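Each chain, letter by letter, is given below.
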Amino acid sequence: MKSILLAVLLDLILGDPYSFPHPVKLMGRIIYAEEKFIRDVIGESWTLSHSMVFHSQSIFLKILGFIISILNISLSFFIPYFLLKVLEGQKIIYTIVNIYLIYTCIAARSLHKEAMKVYYALGEGIQKGRHQLSYIVGRDTQNLTEEEIIKAGIETVAENTSDGVIAPLFYILLLGGSGGLMYKMVNTMDSMLGYKNEKYQDLGYFPAKIDDIFNYIPARITGILMCLSSVFRFNMKNGFKIMFRDRKNHPSPNSPYPEGAVAGLLNIQLGGNSNYFGKIVEKPTIGDNTRLVEKDDIKKTIEIMYRTEVLFLLLYGIFLRSR
């Protein structure tokens, strides 16, 4: 528990410096190389010539996506697991490495920083806001209104409170630092391959499904903790109401829990149609249109993120003491 608390503190102080070596950056390079190998080295003609064995190119690409997923999950878990095993006899080095690995799994400070960049960019004009938002979302930002930019920023912080904070901590507490890195690999594969478009719908099929499975419990824990940690600060009762009422108003089985909690807590409406680079994705709304969103709602969502992280750690500490 001490290592986890030190890692969380390190994240709050340092965040994710761009020049700092980071396992997730390495994961991204590995996934990129694997995709390039499949598309360039194996080649489309090779894929088509062998696809008859699997009845269609679609099934063949899904199988390759499954192989990539299993390989990467295994590498991301067992490499740090055996590294820590080797270092067990060297207590100081083991502790330093363990804290570092855990620290790299948590992204609260980084999320805070990137969301606030959008907040400040909006103060310089809508074009600046659109440009800054484009770094943290997968949708087309060129024609977004100020309200849509704010909503996208809120949704990103809400969703990533689960993906970037609570879910990694959940797997770290279950399986140690190697469990946290395994989760980060799953999440990184989904962010790079899990798009529902023509290019990735087959290769990214299993990475996306595995990510859904890994996030099933953490997303629900996140939504509940968001509401509980906001008692006396935001509308906790409405947070629970919207989270459960609108839990199916999203293509993802997990995202509506943190997004619904935030929408209810802040008495705002999120969701709705989005333009993902030329393709309109129709999505229902989450929450009630009680009031218009404001720029400061981004700050409030960041506050909810930190409240959720603190409550999660407090509850785990209480659980440890009671054992």
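Summarised in this report is the structure supplied together with it.

### Topic: the packing of helix 4 (residues 57-86) against helix 9 (residues 177-193)
- Interaxial distance between helix 4 and helix 9 falls to 8 Å at its minimum, and their mutual angle equals 155°. Considered as vectors, helix 4 and helix 9 are oriented roughly antiparallel to each other. Where helix 4 crosses over helix 9, the handedness of that crossing is right-handed. Facing Ile 68, Ser 69, Asn 72, Ile 73, Ser 76, Phe 77, Pro 80 and Tyr 81 of helix 4, the residues of helix 9 in contact are Ser 178, Gly 179, Leu 181, Met 182, Met 185, Val 186 and Met 189.
- Among the residues making up the contact of helix 4 with helix 9, the classes are represented as ten nonpolar, five polar and no charged.

### Overview of helix 6 (residues 108-122)
- Helix length check: helix 6 (15 residues) gives 22 Å between terminal C-alpha atoms against 21 Å at 1.5 Å per residue, within 8%.
- Along helix 6, the positions that sit buried rather than exposed are Ala 108, Leu 111, His 112, Glu 114, Ala 115, Met 116, Val 118, Tyr 119, Ala 121 and Leu 122.

### Some words on the environment of Ile 166
- Considering the arrangement of structural elements, one finds Ile 166 in helix 8 (residues 146-175).
- On a C-alpha basis, the gap between Ile 166 and Thr 308 in space is 8.0 Å, while along the polypeptide they are 142 residues apart.
- Residue contacts for Ile 166: discarding those within four places in its chain leaves Thr 161, Pro 218, Ile 221, Thr 222, Thr 308, Glu 309 and Phe 312.

### Examining the packing of aromatic side chains
- Applying the stated criterion to the full structure yields 14 aromatic pairs.
- Measuring from centroid to centroid gives 5.1 Å for Tyr 205 and Phe 206, while their planes differ by 90°, and the two rings are edge-to-face.
- With 6.4 Å between their ring centres and 35° between their planes, Tyr 316 and Phe 319 make a pair best called tilted. Of this pair, Tyr 316 and Phe 319 both sit in helix 13 (residues 296-322), three residues apart, roughly one helical turn.
- A relative accessible area of 42% places Phe 319 in the partly exposed class.
- An aromatic cluster of three or more residues is present, and its members are Phe 77, Phe 78, Tyr 81 and Phe 82.
- Directly above the ring of Tyr 205 sits Lys 62, whose terminal nitrogen or CZ lies 4.5 Å from the centroid.
- Here the basic side chain of Lys 295 rests over the ring of Tyr 119, its NZ or CZ set 4.6 Å away from the ring centre.

About the cut-offs
Residues numbered from 1 in each chain as written. Predicted model: local features only at pLDDT ≥ 70, side-chain atom pairs only at ≥ 80, totals over all residues. Heavy atoms only, no water. Axes fitted to C-alpha atoms, helices over the stretch in contact; angles between N-to-C directions. Helix = DSSP H or I, 4+ residues; strand = E, 2+ residues; numbered from the N terminus. Parallel < 35°, antiparallel > 145°, perpendicular 65-115°, else oblique. Left-handed = near helix turned anticlockwise from the far one by under 90°. Contact = heavy atoms within 4.5 Å. Nonpolar A, V, L, I, M, F, W, Y, C, P; charged D, E, K, R; others polar. Expected span 1.5 Å × (residues − 1). Buried < 20%, exposed > 50% of the residue type's maximum accessible area, 1.4 Å probe, protein only. Phe/Tyr/Trp six-rings, centres within 6.5 Å; stacked < 30°, edge-to-face > 60°. Lys NZ or Arg CZ within 6 Å of the ring centre and 35° of its normal.

Taken by themselves, the reported measurements are silent on function.
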